[in-house]
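Each chain, letter by letter, is given below.
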Amino acid sequence: MAQKTDTRERQRRTDDIYENTDAIRGGITMEIEELNTTRIQPPEHTGSDSVRIRRYRAAVVCLVLLCVLLLTAVIVLCVQVFTNIDLFQTKGKNIMEERDQLLTRNKNLLEERDQLLTRNKNLSEERDQLLTRNKNLTGERDQLLSKITGLSGDRDWLLNKNINLTNERDELISNNDNLIKQRDQLNQEINKMLKSLHEMDGWIYHEFSYYYMSSGQKSWTESRRYCTDRGGELIIIDNRKEQEFVNNISGGVDVWIGLTDSEEEGTWKWVDGSTLTSGFWGSGEPNGHRGENCALNNPSRYADYPCNEAFKWICEKSILPTILP
């Protein structure tokens, strides 16, 4: 639309120039006709006037020619100026269009720059997230490696424990086999002991031990020798239950027991070497000092007596030493 308006404006200006040119030419033509008319009229003057008129006419002709040349030059210059104006307008329009394009391009570049900045920001955030994730994964990896190391240690410990348990199992199997053999041997020994029980005159079986209650009387030393000659020993009373058993088989009479302080006065020991820790002494007993170094069992109590006096005695022979290796 703007291009059509510019074309019309140039056309109008060109038409004005040509109209002005025609008007000037018409005026020049009228002056020439006036000159010719004057030339045709009969001269009224002669001599210097004629020369003056000729000069005037020549000057007018020159002036007219000069005007024509100037007019032509002006026309040419106007055409050139308007052409240049059109060129400048076209160029200015092109420059404006280029400027608009450059502005649009600059705007696009700014938008692209903003997009790139936004994208760069997003990429930076993603990078930070990836770095954080990588750090977390590294931490998790280290934890897993530590856990694997711990599990490896647990595995080794379990393997060692399994080896130890296997060895213990083998030992238990071996011990079980030994116990089975011992059980069989015990059964054999029990059968032998049961068989010999009938052959041992006067011996009484009670809780894995044989007890012999004498009918005669001897000193403490002779009584002990009688027991040892038969594989036993003077009785050792370990608890209240055995004390009651001794009272039952003795019938309430005084009997020698395997307790003495003959090695060290005041230190009472059983014949197996163990020290008496608690006993069933009677009131005021023991009271014999060095003259009474052997112990009798009165009904439910102990008393110290001289070892050379004669009393009944009780022998004890445990079957456990013969059964257990």
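Please refer to the structure higher up on the page.
Along every chain, residues carry numbers that run from 1 in the direction the sequence is written. The predicted nature of this model means local features are confined to residues of pLDDT at least 70 and side-chain atom pairs, given and counted, to a pLDDT of 80 or more, with totals for whole chains, interfaces and linings taken over all residues. To get the side-chain values, take all heavy atoms of the structure and skip hydrogens and water.

**Q** How should I be thinking about the overall build of the protein chain in this particular structure?
**A** Working definition: helices are DSSP H or I runs of at least four residues, strands are E runs of at least two. Numbering for both runs from the N terminus. Along its length, the protein chain carries five helices and eight strands. For the protein chain, the N- to C-terminal ordering of α and β elements is α-α-β-β-α-β-α-β-β-β-β-β-α. Relative accessibility under 20% of the residue-type maximum defines a buried residue, over 50% an exposed one, and the middle range a partly exposed one, all with a 1.4 Å probe and only protein chains included. Buried positions account for 22% of the 325 residues belonging to the protein chain. Taking all contacts inside the protein chain whose residues are at least 6 apart in sequence as the whole, residues at least 24 apart take part in 67%. Summed over all atoms, the accessible surface of the protein chain reaches about 23,800 Å², with 54% contributed by carbon and sulfur. Here, two residues are considered to be in contact whenever any of their heavy atoms come within 4.5 Å of each other. Each accessible area is a Shrake-Rupley estimate made with a 1.4 Å probe; only the visible protein chains count as cover when residues are assessed.

**Q** I'm lost on helix H3 (residues 220-229) in this one. Help?
**A** The set of residues buried in H3 consists of Trp220, Ser223, Tyr226 and Cys227. Each buried residue of H3 sits inside an arc of 125° when the element is viewed along its axis, so together they form one side. Here the buried face of H3 lies against strand S2 (209-213), strand S3 (233-234), strand S4 (255-260), strand S6 (294-298) and strand S8 (312-318). Backbone geometry just after H3 places Gly231 at a positive phi near 80°. In this description, the arc belongs to the directions extending from the helix axis to the C-beta atoms.

**Q** Could you clarify how one ought to interpret the side chain of Asn298 in this entry?
**A** Summarising the element assignment, Asn298 is placed in strand S6. A residue is classified by how much of its surface remains accessible, and Asn298, at 5% relative accessible area, is buried. Other than its neighbours up to four places away in sequence, Asn298 contacts Gln243, Asn247, Asp254 and Ala303.

**Q** I'm lost on the state of the cysteines in this one. Help?
**A** Cysteine pairs can be linked by a disulfide, which is a covalent bond between their two sulfur atoms. Note that a disulfide, as used here, is simply two cysteine sulfur atoms within 2.5 Å. In this structure the tally under the stated criterion is two disulfides. The disulfide bridge from Cys227 ends at Cys315, spanning 1.7 Å between sulfur atoms. As the torsion about the S-S bond is roughly -80°, the Cys227-Cys315 disulfide counts as left-handed. Residue Cys227 is found in helix H3, and its partner Cys315 is found in strand S8; the two are separated by 88 residues along the sequence. When its relative accessible area of 0% is taken as the criterion, Cys227 is described as buried. Between the sulfur atoms of Cys294 and its disulfide mate Cys307 the distance is 1.8 Å. When the S-S torsion is 95°, as for the bridge of Cys294 with Cys307, the disulfide is right-handed.

**Q** What is the right way to look at the nonpolar core in this model?
**A** Side chains of a nonpolar character, in soluble globular proteins, are inclined to be buried together. We define the nonpolar core as a collection of buried residues of types Ala, Val, Leu, Ile, Met, Phe, Trp, Tyr and Cys that are connected through side-chain atoms lying within 4.5 Å of one another. Residues Ile237, Ile257, Leu259, Trp270, Trp313 and Ile314 are the most contacted members of the largest nonpolar core, which totals 33 residues. Counting residues per element, the ones that place at least two in this core are S2, H3, helix H4 (240-250), S4, S6 and S8. In contact with Leu259, not counting residues within four places along its chain, are Trp220, Trp268, Lys269, Trp270, Leu276, Trp281, Asn293, Cys294, Ala295 and Tyr302.

**Q** Looking at this structure, how should I read the side chain of Gln243?
**A** Along the polypeptide, Gln243 turns up in helix H4. Among the residues examined, Gln243 registers a relative accessible area of 1% and is labelled buried. In contact with Gln243, other than residues within four places in its own chain, are Ile237, Phe280, Asn297, Asn298, Ser300, Arg301 and Tyr302.

**Q** What is the right way to read a nonpolar patch on the surface from this model?
**A** Taken together, Leu63, Leu66 and Leu70 make up a surface patch of nonpolar side chains, about 290 Å² in accessible area. With respect to the helices and strands, the residue Leu66 is situated in helix H2 (residues 48-199). Candidate patch residues must exceed 30% relative accessible area and have no salt bridge, after which like charges are joined if within 9 Å and Val, Leu, Ile, Met, Phe, Trp or Tyr side chains if within 5 Å. Every case where a carboxyl oxygen of Asp or Glu lies within 4 Å of a side-chain nitrogen of Lys or Arg is listed as a salt bridge.

**Q** I keep staring at the packing of aromatic side chains and nothing clicks. Help me out?
**A** The relation between two aromatic rings is expressed through the spacing of the ring centres and the mutual angle of the planes. Between 30 and 60 degrees the pair is tilted, below 30 it is stacked and above 60 it is edge-to-face, where a pair is any two Phe, Tyr or Trp rings, Trp via its six-membered ring, whose centres lie within 6.5 Å. In the structure shown here, the tally under the stated rule is eleven aromatic pairs. Put simply, the rings of Trp268, Trp270, Phe280, Trp281 and Tyr302 touch in pairs and so form one group of aromatic residues. The criterion for a charge sitting over a ring is simple: Lys NZ or Arg CZ within 6 Å of the ring centre, and within 35 degrees of the ring normal. We note Arg230 situated over the ring of Tyr226; from NZ or CZ to the ring centre the distance is 3.5 Å. Its end group placed over the ring of Trp203, Lys317 keeps NZ or CZ at 5.2 Å from the ring centre.

**Q** What is the right way to look at the pairing of strand S1 (residues 203-206) in this model?
**A** In regular strands, side chains alternate between the two faces of the sheet. Bridge count between S1 and S2: four bridges; the pairing is antiparallel. Across the sheet, the residue bridging to His206 is Ser209, located in S2. Between S1 and S2, which pair antiparallel in sequence order, lie two residues; one of them, Glu207, sits at a positive phi of approximately 50°. Strand pairing is assigned whenever DSSP detects at least two bridges linking the two strands.

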